[in-house]
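Here's the letter readout for the chains.
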Amino acid sequence: MTGKILSGLNEAQREAVHTVEGPVLILAGAGSGKTRTLTYRIAYLVYEKGIPPYHILAITFTNKAAVEMKERVHRLVGGVANQIWIHTFHAVCVRILRREIPHLGYRRDFVIYDTVDQSSLVKDCLKELNLDPQRYAPKGILAAISRAKNELMTPRMVAKRAEDLYDEILARVYQVYQRRLLENNALDFDDLIMQTVLLFRKNPEILDYYQDRFRYLHIDEYQDTNHAQYVFARLLAAKHRNICAVGDDFQSIYGFRGADLRNILDFEKDYPEARVIKLEQNYRSTKTILTAANEIMKHNQGQKFKELWTENEEGPPISYYEAEDEVEEAEFVAAEVRRLKREEKLALSEIAVFYRTHAQSRVLEEVLLRERIPYHIVGGLKFYERKEVKDILAYLRVVHNPADTLSLERIINTPRRGIGIRTLTRVKEYARRQALDLYDALKLAAAGQIGQIKEKSRQGVRSFVTLIEQLREIKDACPVDDLVRMVNEKSGYLAMLRKENTYEALSRMENIQELVSVAKDFEERQQVTGAAGPGEGGLEAFLESVALVSEADNVDTGAGAVLLMTLHSAKGLEFPAVFIVGLEEGVFPHREAVFEASELEEERRLCYVGITRAKRHLYLVRAFQRTLYGNTVYNGISRFIEEIPRELLREVERGDEAAVSGFQTPAPAGGFKAGDRVSHKVWGVGTVVGTRGIGPEAEITVAFPGVGLKRLLVSIAPLEKLQ
DNA sequence: TAGCTTGTATTTTTT
DNA sequence: ATACAAGCTA
């Protein structure tokens, strides 16, 4: 096995795999075989060192990365891989908290609040404190609370450090916010990490248990850790000190959300005995591309020295193009995409376009649409944040946990049951006085034990309580998808939508159906993995799985369409041909980021990330003028262009390609692809010209003669595909 | 309560 | 320009 494991590795990678005792920092440059090294290392621990798999923990940032690593480890070590914990930070903490959280005063069946929930909770808190949301923007408050939690600051600590009135108010809101979370038996995303740390700090014996459980710790993307995550890892590693941090300070692009570059830069201070291993050989890009990337990064101060090199060929020069405006910029991209396809024989899915902000995607989209080039936009829409989906999930959450007042209030009168503000206020008031949960007070109200409530409202309350009670009775006995179906029907939610009789309602109904499918998939997966019998603990697990997923986990790269995405979403991917557009001062680097040196450096790292995605063809594009917020601006050339040695660049002319139509490539959107003929109930026959999103999000743009372009959700639109 | 008007911001994103 | 949210009228 040793030979097998080590044969495909270079010197540095081999060292990284071998060095399993004590702290190790693996500085893994872009395209240096990081995941390979990490997975081999885990295999080495199991096979060569005979470490029991349950002593190994690997932490990633995204579900996607976790799944990928699990699969690759599984391929190396087989079934025992299932005993290795490979999860995101949040998932690891949830698993720990599910066992231990009673020590913190929450119940084990806590729910996880997402950003939408958080926002309504903050608004509630502001109301409770009689604060003007104009003056104290919920968004800002929420951001500050999140920052505080990332820094492991409790409300009390925030109060103590307050420097002005705003800080004092903030501390108050934060305090109320935490109290409300506790009352609702809920945790937000940041809490998952922070509460686990607090748990460890408060209960040394619990920490001790997990330290012994996870003797071999791996943290991927270490440069993206925030302070709370850093402390979490440090605590876990403190006893056995076998921590393997993997990361690349050059690819730290999430400072704006709390990632602290110092975590990786100071690793050797935290662990003086640490071995530092640099993976600098790149297997992805041409020499030209790597030189450009290295040169750009020389303009950043205070990062670890690292220079990528490769045995790959020189490759073609980097193309630089200066467009008139953003439309011409997009036209250039379109023309070059055609050329790459024709002359370089690239598939469309081998080509990607990166931009700094989402707003830039529109013009690109319009032009590609016009040019009949299939494209696919990564990111954007969110299935789980849609109102109807959140409503149904709120029902399930209340069924699972009646103390979840936020969810309860969300659905108590949806569909309408005649329970208005007045009734609700009365019951809430009663609950407060009697120190009851809102749900228990509702039960009393239904039984007529709370005065001042009209008979009609009481009936509404009664029907609501009955519904929840019914569902609670069966929740452990039936599969989750049946439960969802039951909520849809018995709550009257579907009936309400059916009555509306609008396209929008139809779309909402389809989304709810989609949620049933999600639940069904989930249930089937549970059966396969043998995690539980039908329904058994399924609801809780289901709610958790939807709370921790994100759409971005499935960037579909095999889709036969040009991929359009922000530079941030590009991290971790690679393409034979890459376009980076909008290379102008104020766009990229972004105007908001040029005042502060640290932010500018993050922009530069973002540029580095973009460039190092390219295997062979790299295009850097700027527009002479562009329309921004409604007026024309003339931005200078991005400094990043200036930082690339001239001899690596070749300024190109616009290659006007005769528009050739007829791309016949598969696309991901619900089985539709550009070029398909479809029939629509209302608009008749049309041609698919673009796709966007996946799964329940999938959207297609269709050209209907005489009607124009229409954007349709595949899952809901009354569409039929014509052979 | 829906639909309208008015105001305001407008990087990047995961869980 | 535009999108989205909050406030206001029918």
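For the structure, check the block above.
Okay, so let's go over this structure. (Residues numbered from 1 in each chain as written. Chains lettered and ligands numbered in written order. Predicted model: local features only at pLDDT ≥ 70, side-chain atom pairs only at ≥ 80, totals over all residues. Heavy atoms only, no water.)

**Examining the protein's contact with DNA strand C**
Move 1: Around DNA strand C, the structure places Lys123, Arg362, Tyr629 and Gly630.
Move 2: The sugar-phosphate share of atoms of DNA strand C within 4 Å of the protein amounts to 33%. (Near = heavy atom within 4 Å.)

**Considering unusual backbone geometry**
Move 1: In this chain, Thr414 is followed by Pro415 through a cis amide linkage whose omega measures -5°.
Move 2: Structurally, Pro415 is set in the loop between helix 19 (405-411) and helix 20 (421-434).
Move 3: Along the chain, Phe588 connects to Pro589 via a cis peptide bond; the corresponding omega equals 10°.
Move 4: Following the sequence through the fold, Pro589 ends up in the loop between strand 13 (575-580) and helix 28 (597-611).
Move 5: Phi at Glu221 is positive, roughly 50°, even though this residue is not glycine.
Move 6: Considering the arrangement of structural elements, one finds Glu221 in the loop between strand 6 (216-219) and helix 12 (227-237).
Move 7: Given a relative accessible area of 18%, Glu221 falls into the buried group.
Move 8: Of note, the phi angle at Lys345 is positive, near 60°, even though the residue is not glycine.
Move 9: Here Lys345 is to be found in the loop between helix 16 (326-343) and strand 10 (351-355).
Move 10: Of the residues examined, Lys345 reaches a relative accessible area of 66% and is grouped as exposed. (Helix = DSSP H or I, 4+ residues; strand = E, 2+ residues; numbered from the N terminus. Buried < 20%, exposed > 50% of the residue type's maximum accessible area, 1.4 Å probe, protein only.)

**Quick notes on the packing of helix 10 (residues 189-202) against helix 11 (residues 204-213)**
A pair of packed helices is captured by two measures, namely the crossing angle of their axes and the spacing between those axes.
Move 1: Direction vectors running N to C along helix 10 and helix 11 enclose 110°, while the axes themselves pass 5 Å from each other. Here helix 10 is positioned roughly perpendicular relative to helix 11, judged by the angle of their axes. Within the contact between the two elements, helix 10 uses Leu199, Phe200, Arg201 and Lys202 and helix 11 uses Pro204, Ile206, Leu207 and Tyr210.
Move 2: When its residues are assigned to classes, the contact of helix 10 with helix 11 shows six nonpolar, no polar and two charged. (Axes fitted to C-alpha atoms, helices over the stretch in contact; angles between N-to-C directions. Parallel < 35°, antiparallel > 145°, perpendicular 65-115°, else oblique. Contact = heavy atoms within 4.5 Å. Nonpolar A, V, L, I, M, F, W, Y, C, P; charged D, E, K, R; others polar.)

**Considerations on the sheet that holds strand 6**
Move 1: Across the sheet, six strands lie side by side as 3-2-6-7-1-8; this open sheet has parallel pairing. Among the strands making up the open sheet, the edge pair consists of strand 3 (85-88) and strand 8 (275-279). Each neighbouring strand pair of the sheet contributes to a mean axis angle of 15°, computed without reference to strand direction.
Move 2: The pairing of strand 1 (residues 24-28) with strand 7 (residues 243-247) spans four bridges and is parallel. (Pairing = 2+ DSSP bridges.)

**Some thoughts on the side chain of Lys34**
Move 1: With respect to the helices and strands, the residue Lys34 is situated in helix 3 (residues 34-47).
Move 2: A relative accessible area of 19% places Lys34 in the buried class.
Move 3: Only 3.2 Å separates the side chain of Lys34 from the side chain of Asp220, close enough to count as a polar contact.
Move 4: Polar side-chain contacts of Lys34 include one of 3.3 Å to the side chain of Glu221.
Move 5: When residues no more than four places from it in sequence are discounted, the contact partners of Lys34 are Ala28, Asp220, Glu221 and Val246. (Polar contact = N/O pair within 3.5 Å; in protein donor to acceptor, adjacent residues only side chain to side chain.)

**Digging into a positive patch on the surface**
Move 1: A cluster of basic residues, Arg422, Arg426, Lys454 and Lys456, forms a positive patch at the surface.
Move 2: Here Arg426 lies in helix 20. (Patch = residues over 30% accessible without salt bridge, like charges linked within 9 Å, V, L, I, M, F, W, Y side chains within 5 Å. Areas by Shrake-Rupley, 256 points an atom, 1.4 Å probe, with all protein chains shown as cover. Salt bridge = Lys/Arg side-chain N within 4 Å of Asp/Glu carboxyl O. Lys, Arg positive; Asp, Glu negative; His and termini not counted. Charge placed at Lys NZ, Arg CZ, Asp CG, Glu CD.)

**Some remarks on the pattern of salt bridges**
Move 1: Following the criterion strictly, the structure yields 50 salt bridges and no others.
Move 2: Taking the shortest distance from any N to any O, the salt bridge between Arg616 and Glu313 comes out at 3.1 Å. Of this pair, Arg616 sits in strand 14 (residues 614-623) while Glu313 sits in the loop between helix 15 (287-297) and strand 9 (318-323); the two residues are 303 residues apart in sequence, bridging distant segments of the chain.
Move 3: In this structure Arg616 comes out as partly exposed when scored by relative accessible area, which is 32%.
Move 4: Note that Glu371 is salt-bridged to Arg338, the shortest N-O span being 3.6 Å. Taken as a pair, Glu371 in the loop between helix 17 (361-370) and strand 11 (375-377) and Arg338 in helix 16 lie far apart in primary sequence, 33 residues in all.
Move 5: Several salt bridges converge on common partners, so that one network encompasses Lys34, Asp220, Glu221, Asp224 and Lys571.

**A closer look at the environment of Thr115**
Move 1: Here Thr115 is to be found in helix 6 (residues 115-128).
Move 2: Exposure remark for Thr115: the relative accessible area of 44% places this residue in the partly exposed category.
Move 3: Remark: the alpha-carbon pair of Thr115 and Ile84, spanning 31 residues in sequence, is separated by 30 Å.

**Structural notes on the side chain of Glu326**
Move 1: One can find Glu326 in helix 16.
Move 2: Buried charge Glu326 goes without a salt bridge, the closest partner of opposite sign being Arg626 at 5.2 Å.
Move 3: Within polar-contact distance, the side chain of Glu326 engages the backbone nitrogen of Thr627 at 3.3 Å.
Move 4: Setting aside anything within four residues of it in sequence, one finds Glu326 in contact with Val363, Ala623, Gln625, Arg626 and Thr627.

**Some thoughts on the nonpolar core**
Move 1: Within the largest apolar cluster, 74 residues are counted, with the highest numbers of intra-cluster contacts made by Leu192, Phe200 and Phe232.
Move 2: Judged by nonpolar contacts, the second largest core, of 51 residues, contains Tyr384, Leu408, Leu438 and Val518. (Core = buried A, V, L, I, M, F, W, Y, C linked by side-chain atoms within 4.5 Å.)

**Here we look at the pairing of strand 14**
The side chains of a regular strand alternate, first on one face of the sheet and then on the other.
Move 1: For strand 14, the tally of buried residues reaches eight of 10 residues, placing the bulk of the element in the interior.
Move 2: Pairing between strand 9 and strand 14: five bridges, direction parallel. Looking across to strand 14, one finds that Tyr321 is bridged to Val621.
Move 3: The pairing of strand 13 with strand 14 spans five bridges and is classified as parallel. Residue Phe575 lies in a different strand from strand 14, and its bridge partner there is Ala614.
Move 4: On the question of chirality, the crossover connecting strand 13 to the parallel strand 14 by way of helix 28 is right-handed. (Right-handed = clockwise from strand over helix to strand, strands pointing away.)

**Points about helix 26 (residues 538-547)**
Move 1: Extensive coverage of helix 26 is indicated by the burial of seven of its 10 residues.
Move 2: Taken together, the buried positions of helix 26 are Gly538, Leu539, Phe542, Leu543, Glu544, Val546 and Ala547.

**Details of the packing of aromatic side chains**
Think of a pair of aromatic rings as described by two things: how far the centres are apart, and how the planes are tilted against each other in angle.
Move 1: Taken as a whole, this structure holds 19 aromatic pairs when the rule is applied.
Move 2: For the ring pair Phe588 and Phe640, a centre distance of 5.2 Å and an interplane angle of 70° mean the geometry is edge-to-face. Of this pair, Phe588 sits in the loop between strand 13 and helix 28 while Phe640 sits in helix 29 (residues 639-642), and the two are 52 residues apart along the sequence. As far as the burial class goes, Phe588 and Phe640 line up, both buried.
Move 3: A ring pair is formed by Phe624 and Tyr634, whose centres lie 5.7 Å apart and whose planes are at 70°; its orientation type is edge-to-face. Within this pair, whereas Phe624 is found in the loop between strand 14 and strand 15 (626-628), its partner Tyr634 is found in the loop between strand 16 (631-633) and helix 29, the two being separated by 10 residues in sequence.
Move 4: On the accessibility criterion, Phe624 (39% relative accessible area) is partly exposed.
Move 5: Using a relative accessible area of 55% as the deciding quantity, one classes Tyr634 as exposed. (Phe/Tyr/Trp six-rings, centres within 6.5 Å; stacked < 30°, edge-to-face > 60°.)

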